[in-house]
Amino acid sequence: MPAMARDTINIVGSSTVYPFATVVAERFGRSSDFPTPKLESTGSGGGLKLFCAGVGTQHPDITNASRRMKSSEFKMCQDNGVKKITEVLIGSDGIVLANSKKSGKMDITLEQIWLALAAEVPESENSEKLVPNPYKKWSEIDSGLPNKPIRVMGPPPTSGTRDAFVELAMEGGCKQIDFIAEMEDSDEDKFKSVCHSIREDGVFVEAGENDNLIVQKLESDPDAFGIFGYSFLDQNSGALQASSINGVEATVDNISAEEYPVARSLWFYVKKAHVGVVPGIEEYVAEFTSESAWGDNGYLVDVGLIPVPRNVRMESAREAQALKEMTGKEL
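Residues numbered from 1 in each chain as written. Predicted model: local features only at pLDDT ≥ 70, side-chain atom pairs only at ≥ 80, totals over all residues. Heavy atoms only, no water.

Participant: Got a minute to help me understand the overall build of the protein in this structure?
Facilitator: Across its full length, the protein carries 14 helices and 13 strands. In terms of overall dimensions, the protein is globule-like: its C-alpha atoms have a radius of gyration of 21 Å, near the 20 Å expected for 331 residues. C-alpha extents for the protein along the principal axes are approximately 65 × 45 × 35 Å. For the protein, the residues scored as buried account for 54% of the 331 residues in total. A separation of at least 24 residues holds for 72% of the contacts in the protein among residues at least 6 apart in sequence. A total accessible area of about 14,300 Å² is found for the protein, and carbon and sulfur atoms account for 47% of it. A distance of 4 Å separates the average location of the 33 positive side-chain charges in the protein from that of its 50 negative side-chain charges. (Helix = DSSP H or I, 4+ residues; strand = E, 2+ residues; numbered from the N terminus. Rg over C-alpha atoms; globule rule 2.2 N^0.38 Å. Buried < 20%, exposed > 50% of the residue type's maximum accessible area, 1.4 Å probe, protein only. Contact = heavy atoms within 4.5 Å. Areas by Shrake-Rupley, 256 points an atom, 1.4 Å probe, with all protein chains shown as cover. Lys, Arg positive; Asp, Glu negative; His and termini not counted. Charge placed at Lys NZ, Arg CZ, Asp CG, Glu CD.)

And the structure:
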C-alpha cells in the first residue's frame, strides 16, 4: 500500500448516521491539522460491502451503520483480507411511522403495521391460509384506524433503516399471530419470508436513501406516512408527527430506555489496516467518541442523536480509542 496515496479519511455507509458523522467530520476538519473527511451516504448494507471489499486506499477507511454488522458481512471482510476491524457503538435511534401534522395522529400496533405492509397476510382473523395482502385502507385492518388509503414511503433494501424496520416492526408484528410465530421453530426460512416480505403492489413506495425526500412528500400528501429515523422527525417536528406504537410515544426517553418498540443502535466500523496509512483516523475516532460530541450534552444531541447510558458510552469510548479488534463472536 502506498504510504501517502490518500490524505483524506474516506467514510461511507448509513444515511441515518450520515448527518451525525458529517457534523463530527466538519468539526474535526476545523479543529485539527487534518483535512475534513470525505463522506458518502450509501446505506448500511452498501457501505459494509464497500468497506469489506479489501485493504488499500482505494477502499473506505470507515463505514457507518444503522444496524450492527451481520456475521455474513464480517466473514466477507475476513475473506477479502479486512481482518482487523474496530466496532464502535455510537448511540440510539428510533424508527418512526410519521405523517403530516395536517392529518390526525395515529396510534397503531406492530401487528397492524405488519398487516398493512406485508406481502401476504392471513385470509381472515382465524385463518391459517396466507393470501396476497388485500388491505387498501387502514380501517379495513381495524375500524379504529383512519378510513384512509394505506400509502407508506420508506427506504430501500440497502438501508439499515429498512433492515431494522423489517426486523423490529414487521417481524415484531407478525410474531403476534400464533401460527406464524410457531413457524420460527418449524421452518425458519418460511417464517423470515412471511414476516420480512413487504408488499410490492404500490402501497409501499421505496423512496431511496434520501430521507429528506420522504419529508417533502409527506408535507405535500397529508394522507401518506413515511418510515425514517427519529432524528429526521426531530429536525422536521414543525411539520411532522410520529404515530405511537403499541401505545408508546416516540420520545428521546422512551427510545433511550428501549421502551419504544422500534428502537435500534447506531454504529461505525474502522479498518485498522488503514490506521497510520491514511492520516487522522485515530484522531477522528477520538473526536467522535468524546463526551463533547456524543455525551448527554454533546453537540450531536443537538442534531438528534440519543446517547447511550454513560457507563456504556465510557466503555465504548475506551475500546474505540484503543482500536479494540472484533472477533466476530459478538455478532
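Participant: Please clarify how the packing of helix α4 (residues 110-117) against helix α6 (residues 160-174) should be interpreted in this entry.
Facilitator: The packing of two helices is summarised by the inter-axis angle and the distance between the axes. Relative orientation of the contacting elements α4 and α6 amounts to 100 degrees, with a least axis distance of 6 Å. On the basis of the axis angle, α4 is roughly perpendicular to α6. Residues Leu-110, Glu-111, Ile-113, Trp-114 and Leu-117 of α4 touch α6, and the partners they reach there are Phe-165, Leu-168, Ala-169, Met-170, Gly-172, Gly-173 and Cys-174. In terms of residue class, the contact of α4 with α6 is built from nine nonpolar, two polar and one charged. (Axes fitted to C-alpha atoms, helices over the stretch in contact; angles between N-to-C directions. Parallel < 35°, antiparallel > 145°, perpendicular 65-115°, else oblique. Nonpolar A, V, L, I, M, F, W, Y, C, P; charged D, E, K, R; others polar.)

Participant: Mind showing me how you'd approach the pairing of strand β10 (residues 225-229) here?
Facilitator: Along a regular strand, successive side chains alternate from one face of the sheet to the other. Counting buried residues along β10, five of its five residues qualify, which places the element largely inside the surrounding structure. For strand β4 (residues 85-100) and β10, the ladder comprises five bridges, and the chain directions are antiparallel. By the bridge assignment for β10, Ala-98 is matched with Gly-226. In this sheet, β10 lies alongside strand β8 (residues 152-154) in parallel orientation, the contact comprising two bridges. Bridged to Met-153 within β10 is Gly-226. (Pairing = 2+ DSSP bridges.)

Participant: Sorry, what's going on with the domain arrangement of the protein here?
Facilitator: Domain boundaries assigned for the protein yield domain 1 (10-92 + 264-322) and domain 2 (94-263). Between domain 1 and domain 2, the C-alpha centre-to-centre distance is 28 Å. Contacts between the two partners involve 18 residues from domain 1 and, on the opposite side, 21 residues from domain 2. Per-residue buried area on domain 1 facing domain 2 is highest for Ser-15, Arg-264 and Ile-306; these three make up 44% of the total on that side. The interface formed by domain 1 and domain 2 includes one salt bridge. (Domains from an automatic or database assignment. Buried area = accessible area lost by both parts, 1.4 Å probe. Salt bridge = Lys/Arg side-chain N within 4 Å of Asp/Glu carboxyl O.)

Participant: I would appreciate a short explanation of the packing of α6 against helix α8 (residues 188-196) in the present structure.
Facilitator: Running from amino to carboxyl end, α6 crosses α8 at an angle of 105 degrees, the nearest separation of the two axes being 8 Å. The angle between α6 and α8 falls in the class roughly perpendicular. Within the contact between the two elements, α6 uses Val-166, Met-170, Glu-171 and Cys-174 and α8 uses Phe-191, Lys-192, Cys-195 and His-196. Taken together, the residues of the contact of α6 with α8 break down into five nonpolar, one polar and two charged.

Participant: Explanation requested: α4 in the structure shown.
Facilitator: Turn by turn, an α-helix covers 3.6 residues, leaving residues three or four places apart pointing in a common direction. Judged by how many residues are buried, α4 sits mostly within the fold: seven of eight residues are covered. The set of residues buried in α4 consists of Leu-110, Gln-112, Ile-113, Trp-114, Leu-115, Ala-116 and Leu-117.

Participant: Got a minute to help me understand the state of the cysteines in this structure?
Facilitator: A covalent bond bridging the sulfur atoms of two cysteines is what the word disulfide describes. A full pass over the atoms with the stated rule returns two disulfides. Put simply, Cys-52 and Cys-77 are joined by a disulfide, and their sulfur atoms are 2.1 Å apart. The sign of the S-S torsion, about -75 degrees, decides the handedness of the disulfide formed by Cys-52 and Cys-77: left-handed. In this pair, Cys-52 is assigned in the loop between α2 (44-51) and β3 (62-65) and Cys-77 in helix α3 (residues 71-79), connecting sequence segments 25 residues apart. Across the pair, exposure class does not vary: Cys-52 and Cys-77 are buried alike. Of note for the protein: the bonded cysteines, numbered N- to C-terminal, pair according to 1-2, 3-4. (Disulfide = S-S within 2.5 Å.)

Participant: Teacher, can you tell me more about the pattern of salt bridges here?
Facilitator: Once their charged atoms are close, side chains differing in charge can pair, the charge on each being opposite to the other. Scanning the entire structure with this criterion turns up 21 salt bridges. Across the pair Glu-184 and Lys-175 runs a salt bridge, and its minimum N-O distance is 3.8 Å. The class of Glu-184 is partly exposed, set by a relative accessible area of 28%. One network of salt bridges, in which partners are shared, links Glu-171, Lys-175, Glu-184 and Lys-192.

Participant: Please clarify how the pairing of β4 should be interpreted in this entry.
Facilitator: Among the 16 residues that make up β4, 16 are buried, leaving the element largely enclosed by the rest of the structure. As paired strands, β4 and strand β13 (residues 263-271) are joined by nine bridges and run antiparallel to one another. Within β13, the residue paired with Glu-87 across the bridge is Tyr-269. Taken together, the three bridges between β4 and strand β11 (residues 240-242) define a ladder with antiparallel strand orientation. Bridging across to β11, Asn-99 finds its partner in Gln-241.

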